[in-house]
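If you want the building blocks of each chain, they are given just below.
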Amino acid sequence: MSLLVEAPAGRHFAQFHRDAESLTEAAFVFLESGLRHDHSILIVAPSQRVEQMFDRLSSRKFHPKSLIDSGQLAVMDSTPIIEQLVSNGGAEWARFRGMLAPVLSRLAPRGRGTRIYGEIANALWEWGETDAAIRLEDLWNGLAGAYSFSLFCGYTMDTHCERAYAAPL
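So, a few notes on the structure that sits alongside this text. Nothing here was measured: the structure is a model prediction, and the numbers come from that model.

**Examining the environment of Thr156**
Part 1: With respect to the secondary-structure elements, Thr156 resides in strand 7 (residues 150–156).
Part 2: A residue is classified by how much of its surface remains accessible, and Thr156, at 18% relative accessible area, is buried.

**Things to note about the pattern of salt bridges**
Part 1: Applying the stated criterion across every chain yields a total of five salt bridges.
Part 2: As a salt-bridge pair, Arg60 and Glu32 come within 2.9 Å of each other at their nearest N and O atoms. Linking Arg60 in the loop between helix 3 (47–59) and helix 4 (64–70) with Glu32 in helix 2 (residues 20–36), this pair joins segments that are 28 residues apart in sequence.
Part 3: Overall, Arg60 belongs to the partly exposed group, its relative accessible area being 41%.
Part 4: According to the relative accessible area criterion, Glu32 is buried, its value standing at 9%.
Part 5: Note that Asp69 and Lys65 form a salt bridge whose closest N and O atoms lie 3.1 Å from each other. Of this pair, Asp69 and Lys65 both sit in helix 4, four residues apart, which is roughly one turn of that helix. A single burial state applies to Asp69 and to Lys65, both of which are exposed.
Part 6: Through salt bridges that share partners, Glu32, Arg36 and Arg60 make up one connected network.

**Examining helix 5 (residues 78–85)**
Part 1: Every buried residue belonging to helix 5 is among Ser78, Ile81, Ile82 and Leu85, and all of these are buried. One side of helix 5 carries all its buried residues, which in axial view fall inside an arc of 100°.
Part 2: Capping of helix 5 at its N-terminal end is provided by Asp77; its side-chain oxygen lies 3.1 Å from the backbone amide nitrogen of Thr79.

Reading the values: the criteria
Residues numbered from 1 in each chain as written. Predicted model: local features only at pLDDT ≥ 70, side-chain atom pairs only at ≥ 80, totals over all residues. Heavy atoms only, no water. Helix = DSSP H or I, 4+ residues; strand = E, 2+ residues; numbered from the N terminus. Buried < 20%, exposed > 50% of the residue type's maximum accessible area, 1.4 Å probe, protein only. Salt bridge = Lys/Arg side-chain N within 4 Å of Asp/Glu carboxyl O. Arc of directions from axis to C-beta. Polar contact = N/O pair within 3.5 Å; in protein donor to acceptor, adjacent residues only side chain to side chain.

Written as C-alpha cells, this is what we have:
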C-alpha cells in the first residue's frame, strides 16, 4: 500500500486485482494520496470507473469539477482511446504520444508531481489483445522519457484461475 501512497516520479507499476472493487479501492488510494501531496492527476479509465473515483473523491471532500477547472485533474475515457490507438493489432507510438502529450503538458505546471492511473492495458488484456497490452506498457515507458510522472496500471484478473497464468504471464 505504501507504493500507492508514495508513488515516486519515474515509477511505473501494475497491480492485478481479483475484482473490480479491489481495483477501484487501490486506484482511489493512489489518486487521493496524489491530491493530498498536491500532485496533478490524469485518469485514463472507462467512464464507469471515473464516476466511481469521482464519488469516492467527493466523499472525502475533494471536488472533481473544481479540480478539473483548476487544471489539477484531467480525465480521458479509455474506450475511445483504445479504438484510436490500436490498428493492425498494435498500439502506435505517434498516436499514443499525440493523444497523451497535450494533456500531460497542461498538467505538468500544476502541483509537485504528476500521477497517472490507467486502465487501457487492462481492457486490451481482457479482450485477448495481450501483445497490444504489453506494447502499450512499453509506450508508457517511452512517454516517461519526456514527462515525469508515476504511473499505476490496474488490471483485473482472477488470480485463482489457472488460465490467468498462461501465455504472456
